[in-house]
Amino acid sequence: NIMVAHISLSAGDGELELHEVHVDTQVVCGTSVVTVDMVFYNQHNKKLEGSLDFPIPENAVVCGYAYDFNGKMLPASVVEKEKARVTFEAEVRQGNSVSLVEHVKGNSFKVRVYPLLLCCWHVFGYGVFRNVSKLIPWS
């Protein structure tokens, strides 16, 4: 299965330019570990809040997320959904850098990030575990 990501900007200025995608896959004992790093460029002339929607294959789970902050990939931590949303919105109001990953439904997830600085590169990365032992024909 192919994982597809779509980025849209809440400011209504269209889409960010996808510059690079790096995908790494390892299979160990019937489980695949896929990491995806996506590099986007904000070509617009202002700071924006962005959202990244990404589905994952059936029987897969997200095992990590990180966002580039000042050249360092910061890993996410798990927080109760409502607390995470309230914290995200408070940080945006204060003008702080913040990112949020939410489970939307089924195998769909949404990342919100603020700010996407003008004329800057922005890196998002996530990892997925998937049991592939039933997909591989063993003889």
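Preceding this section is the structure that the text describes.
Reading the values: the criteria
Residues numbered from 1 in each chain as written. Predicted model: local features only at pLDDT ≥ 70, side-chain atom pairs only at ≥ 80, totals over all residues. Heavy atoms only, no water. Salt bridge = Lys/Arg side-chain N within 4 Å of Asp/Glu carboxyl O. Helix = DSSP H or I, 4+ residues; strand = E, 2+ residues; numbered from the N terminus. Buried < 20%, exposed > 50% of the residue type's maximum accessible area, 1.4 Å probe, protein only. Phe/Tyr/Trp six-rings, centres within 6.5 Å; stacked < 30°, edge-to-face > 60°.

A.B. asks: Explain the pattern of salt bridges here, please?
C.D. replies: Side-chain pairs of opposite charge can arise whenever the charged atoms involved come near each other. Inspection of the entire model under this criterion finds three salt bridges. Across the salt bridge formed by Glu-49 and Arg-112, the nearest N and O atoms sit 3.1 Å from each other. In this pair, Glu-49 is assigned in strand β4 (residues 48-55) and Arg-112 in strand β8 (residues 108-116), connecting sequence segments 63 residues apart. As far as burial versus exposure is concerned, Glu-49 and Arg-112 are alike and both buried. Between Glu-89 and Arg-85 there is a salt bridge, with its nearest N and O atoms 2.9 Å apart.

A.B. asks: Hey, could you run me through the packing of aromatic side chains in this one?
C.D. replies: Each aromatic ring pair is specified by the distance between its two centres and by the angle formed by the two planes. Counted by the stated rule, this structure contains one aromatic pair. Measuring from ring centre to ring centre gives 5.8 Å for Phe-54 and Phe-109, while their planes differ by 20°; the resulting arrangement is stacked. Separated by 55 residues along the polypeptide, Phe-54 in strand β4 and Phe-109 in strand β8 bring together distant segments of the chain.

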